[in-house]
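Descriptive analysis of the structure
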Amino acid sequence: MIILKHADDIGIQLKKIKAATSSIGFVPTMGALHKGHISLLQKSKEVCEITICSIFINPTQFNNADDFKKYPVTLEQDIYALEKNGCDILFLPDVNEIYPGETISKNHFNLGYLETILEGKYRPGHFQGVCQVVSRLLKIVAPTHLFIGQKDYQQCMVIKRLIELEGLNIELIICPTLREENGLAMSSRNLRLDEQQREEAAEIYKTLLGMQQKIKPGSLHHLKKEATEYLIKKNFNPDYIEIAEAGNLNPVNEWDGTAHLVALAAAFIGDVRLIDNILLKH
Ligand code: AMP
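Just so it is clear, the structure is predicted and the values come from calculations on it, not from any experiment. (Residues numbered from 1 in each chain as written. Predicted model: local features only at pLDDT ≥ 70, side-chain atom pairs only at ≥ 80, totals over all residues. Heavy atoms only, no water.)

In terms of domains, the protein is made up of domain 1 (2-175) and domain 2 (188-277). The C-alpha centroid of domain 2 is placed 26 Å from the C-alpha centroid of domain 1. For the domain 1 face of the interface with domain 2, the top three residues by lost area are Leu118, Tyr122 and Tyr153, together amounting to 30%. Run the count over domain 1 and domain 2 and you get four salt bridges. Its salt-bridge partner being arginine 192, residue aspartate 67 comes within 3.7 Å of it at the nearest N-O pair. Where domain 1 touches domain 2, the interface holds 12 residue pairs in polar contact (both at pLDDT 80 or more). Counting only elements with at least two residues in the side of domain 1 that touches domain 2, the list comes to α6 (119-122) and α8 (153-165). (Domains from an automatic or database assignment. Buried area = accessible area lost by both parts, 1.4 Å probe. Salt bridge = Lys/Arg side-chain N within 4 Å of Asp/Glu carboxyl O. Polar contact = N/O pair within 3.5 Å; in protein donor to acceptor, adjacent residues only side chain to side chain. Helix = DSSP H or I, 4+ residues; strand = E, 2+ residues; numbered from the N terminus.)

Take a look at the structure:
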């Protein structure tokens with residue numbers, strides 16, 4: 001695996017590679033890698049001739065300074081895991097490489113209502129930050145395929161919109177959520193949970209599974225309320241439990257029994273905020 005820190009070096013390296021290959025897969029991450037990240041790398045290796053991963057903790061997507069400060073860093077283990085799993089190039093930029101002269105951080109992306117609902121509502125500015133970093137990374141890496149996780153459902157929609165907005169010819173591949181044995185969605189932030197919290201955190205997924213089992217056509221008000229109350233009883237502090245149309249994330253209060261739905265949750269356990277989602281009917 002080649003490790004590159006400068007955007008220019010990526011360009012030079014890619015020029016050589018591009019002459020010889022037709023597909024470049026890209027897996028952007030913020031590090032503290034787990035099996036979920038590695039599953040994206042593996043998918044990319046299945047589909048593409050060359051796979052590039054990046055590790056960059058993007059400051060502009062953190063609406064909470066403390067969350068940014070406490071974001072886990074496990075660089076040595078990450079490099080080992082990427083190497084072991086056959087990553088071809090690791091792009092490891094510092095902040096000046098991504099935001100030279102701070103010009104890029106001023107870009108604004110027209111995300112419409114996607115920016116103000118669910119995660120957007122509770123993390124103002126978050127998706128602008130995601131677009132800033134992904135837009136810059138896509139310009140540097142210029143991949144043919146981009147691999148991202150369904151775990152961040154709304155982010156998938158935002159990145160799809162970004163690709164449209166920028167008119168990029170990139171195939172977006174959304175990969176399934178990898179979970180711990182107890183159902184907890186794997187996440188870098190899980191490193192901040194103690195053993196007991198890690199057990200308790202699985203309740204988020206159990207709640208979503210319960211909604212999947214109980215959903216019936218008609219009003220969904222009671223189902224959402226019951227799920228929220230359940231998590232509160234289990235000592236979570238939920239930001240939202242929502243049911244939305246799977247294709248556009250419009251909240252659904254009355255279900256006709258046919259529309260494809262996704263249930264999404266965001267909740268704090270202690271001071272760690274976790275998100276998860278599950279497709280209900282598809
Ligand atoms: P992050 O490092 O959290 O920014 O995540 C990098 C990529 O990995 C994103 O596309 C995430 O959606 C994806 N990802 C995070 N957790 C999981 C998981 N449990 N299973 C599959 N993909 C994941």
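Most of the time, phi is negative for any residue but glycine, and the peptide bond is trans. Phi is positive for alanine 32, which is not a glycine, with a value near 50°. Mapped onto the secondary structure, alanine 32 falls in the loop between β2 (24-29) and α2 (35-47). Judged by its relative accessible area of 4%, alanine 32 falls in the buried class. Within the chain, alanine 142 stands out as a residue other than glycine whose phi angle is a positive 45°. (Buried < 20%, exposed > 50% of the residue type's maximum accessible area, 1.4 Å probe, protein only.)

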